[in-house]
Amino acid sequence: MHNDIPLFTIDEPHSRDLDDAIGVARSKTGWIVRVAIANPSAVVAKGSAEDQAARQQGATIYRGRQATQPMLPRSISELQATLTAGELRSAMLIDLELDLAGRLSGAHLSLGEITVAQRLAYRDVPAIAGDQAHELHLPMVDAIAIARGFLKQRRARGALAIFDQQQSLLTDEEGRIRYYDASEMVGHILVQEMMIAANAAVAELAARKDVPFLYRCHEPRISAPRGTAAPESLEAWIAGGHASSAAAAERLNLITQKARYTSTLTGHYGLNVPAYAHITSPLRRYADLVAQRQLVALIHGTALPYSQDDLTEIGNDLFEASEANVEATSEFFKAPVLSKALSAIESNAQHALRGLADNELGQAVKVGLAGTFAPALVDELRRRMSAGILADKVSVRFIEGRSSLPQALADGFIAMVRAKPASAMSFVNHARAINAITSFDVQFTEVSVPGAAGPSFRATATMRDAERGATYTAVATDVRKKSAEQAAALQTLCDFMNVARPVVRAVNTEATSPSPATISAAVGSPQLPNAKGALLEFCQKNKLGTPTFISSSTGPSNAPSFVCVVDLAVNGGRASARSRESSTKRQAEALAAQALLEQLVRAASNENQDSAPTSPVGGAGEVPASDQAAHAGSVPEVVNPGRAIQLLQEYAQKARLAPPVYEFVEISKTPSSFECRVHLARPGDSIEFRAGGASKQASKSAAAVGALDLLAAIAT
């Protein structure tokens, strides 16, 4: 038996087919990570009826989060072979040896019997890591640190590995965005990184031993960026607020081909590794079961069950099965969505269409392109475009069906792109991906503009329309190269969509900041033009650094509300402002920027009057008494994050609530990283917020800031 390292499973509470268990132990040279894999190969013979059915299906089929059609009979996948805690099971063991820096130094395979110590859910992970009395506390803390180290190493070598705690998103092995509940995120990172490490180590071992093997290959397109350029581009795109799963899938399709199983190594672009395979889910994926049989034979020194030609054939079969499953799943979910969309269209009622979610509205657009657009549908689409809330997966249908698109929608689409110039290139790339255009090229020339402080860039864009056979050319000039490219792309997109080109503005030759007096006259009014740009220019002119904008949204995707917090380091302290709820992210940012400008202008005026250096929000960053809560329980504004803990405590006292409770999880020792959870019980409900930091105090302050922002959002 192999029970020297305590093993635990981490999965959804409802899951019954548990493929893998994890254990971590410290060694003299670092750590040993043990990944124990269920061994269905011991009970499912090659060529048996169960095996043939599994090969034909390819993998367990899920509808939502439930396994509606398991790959193997439930008597095997959920009873006989599943890694049930407290039960003796046959397993394949993958031992990964790590040095003190968390780098892989060796990998070993073996077979044996194990007993899983505990079954856990994803949300249990941070609680155990924070409970020093728990028997799994130390291995869990080590496992979290190791997993985060693996993620960091993958990111450094150019993998499409992104983790955004604020948006609760994590990319999987192929760069696809996955959203998780904040309380489950650490658990998902732990499992994913351990499985990726085990899969990659075993694939490399098989390749070095010249064992015919079924590899998971992910090839880039010719246009795909190399090295760290790909993850950096994806990370910047996500940070720009574009991180919907559908939009991310469209973006990835532009640079990568579909991953598939092959018997030869062509590398894995998403992970940026030369060898990768699927090993760790043999109860749910047939490829893993095939790989397991090859590895069992390798361990025993017996004849291999599959030749390289066999594996090539299996890989092709699995790709076809996967494509069929994707199509069937899409149709399964599409039917009720289409029904709801048709019902809303038939009613021709604005309120019915306004209630449609993005996928339902997309089906409504598809129906409209195939026939006639109902007036209420046109109005709803124009409403969402003007508010900047039309999802990309709906917008791209306008490009795909431009010949059937009402002119009002084509005009609205271009107006939406003009309001968000960075999206022009994304839509051009989509048109190229679906072969609506055969080519798109941009050439740059550096030019001198009279009166400009420095050089400007002239972008000449050329687009070839595949359907019409026409060539569109546009020229735009700007002091920024990227802005010139976007402006030229927008003009060619206008031609492509048969919309009149916008009047090209003169190049901005001088970036001057408005004076405090000018801002002071305007900040009291909601009509301050380009408040965000004015704030950035004001900060640059006064050498105040760059403000940080953090936006969050609540509500359904078809009617979201946005709140933005802008933060700025000033005179050794910090100034911040929060917008009220707004219908668009852009408006929320503008309101937050305008509010912070008011603070800065008041500070500048006070400084001029008093001839003494002051914080832009009062002495030493203190909040004036007049700005404190006017009544017990009102939420104080967080001006100085360093005082957030005290402000939250004061809020609880004034509202006659129990003091806020803080819990900490040490994520890693080197580099130091902590996660803090703050919990505040209120009559009838409670609020909770998690945040990270390099120290306990930093994570605690960040959690308190988040809790106060959440309370303020609830109060408004």
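Residues numbered from 1 in each chain as written. Predicted model: local features only at pLDDT ≥ 70, side-chain atom pairs only at ≥ 80, totals over all residues. Heavy atoms only, no water.

(A) Quick look at the overall build of the protein chain. When helices and strands are counted, the protein chain shows 21 helices and 22 strands. Counting across all 716 residues of the protein chain, residues that qualify as buried make up 48%. In the protein chain, of all internal contacts separated by at least 6 residues, the share reaching a separation of at least 24 is 61%. Put simply, the protein chain shows about 32,900 Å² of open surface, and 51% of that area lies on carbon and sulfur atoms. (Helix = DSSP H or I, 4+ residues; strand = E, 2+ residues; numbered from the N terminus. Buried < 20%, exposed > 50% of the residue type's maximum accessible area, 1.4 Å probe, protein only. Contact = heavy atoms within 4.5 Å. Areas by Shrake-Rupley, 256 points an atom, 1.4 Å probe, with all protein chains shown as cover.)

(B) Examining the packing of helix α15 (residues 423-433) against helix α16 (residues 481-496) more closely. Two elements in contact, α15 and α16, have axes separated by 8 Å at closest approach and are oriented at 50°. Compared by their axis directions, α15 and α16 come out oblique. Our pair here, α15 against α16, has a crossing hand that is left-handed. Here Ala424, Met425, Phe427, Val428 and Ala431 of α15 come into contact with α16, specifically with Glu485, Gln486, Ala489, Leu490, Leu493 and Phe496. Its residues assigned to classes, the contact of α15 with α16 shows nine nonpolar, one polar and one charged. (Axes fitted to C-alpha atoms, helices over the stretch in contact; angles between N-to-C directions. Parallel < 35°, antiparallel > 145°, perpendicular 65-115°, else oblique. Left-handed = near helix turned anticlockwise from the far one by under 90°. Nonpolar A, V, L, I, M, F, W, Y, C, P; charged D, E, K, R; others polar.)

(C) Inspection of the nonpolar core at higher detail. Grouped together as the largest cluster of nonpolar side chains are 55 residues, with contacts concentrated most on Ile94, Met140, Leu190, Met194 and Phe213. Broken down by element, this core gets its largest block of residues, 14 residues, from helix α5 (residues 185-208). Within the second largest apolar cluster, 49 residues are counted, among which are Leu356, Leu377, Ala391 and Ala410. (Core = buried A, V, L, I, M, F, W, Y, C linked by side-chain atoms within 4.5 Å.)

(D) The arrangement of the sheet that holds strand β14 (residues 437-447) in detail. Spatial ordering of the open sheet is given by β14-β15-β16, a layout of three strands whose pairing is antiparallel. If you trace the sheet from one side to the other, it starts and ends with β14 and β16 (471-478), each paired once. Pairs of neighbouring strands in the sheet enclose a mean axial angle of 15°, with direction left out of account. Where β14 meets strand β15 (residues 456-465), ten bridges bridge the pair, whose relative direction is antiparallel. Considered in β15, the bridge of Val442 is made with Ala461. (Pairing = 2+ DSSP bridges.)

(E) Highlighting the side chain of His137. Here His137 is to be found in helix α4 (residues 137-156). Accessibility expressed as a relative area gives 16% for His137, which makes it buried. In this structure the side chain of His137 is engaged in a polar contact, spanning 3.3 Å, whose partner is the backbone oxygen of Asp131. (Polar contact = N/O pair within 3.5 Å; in protein donor to acceptor, adjacent residues only side chain to side chain.)

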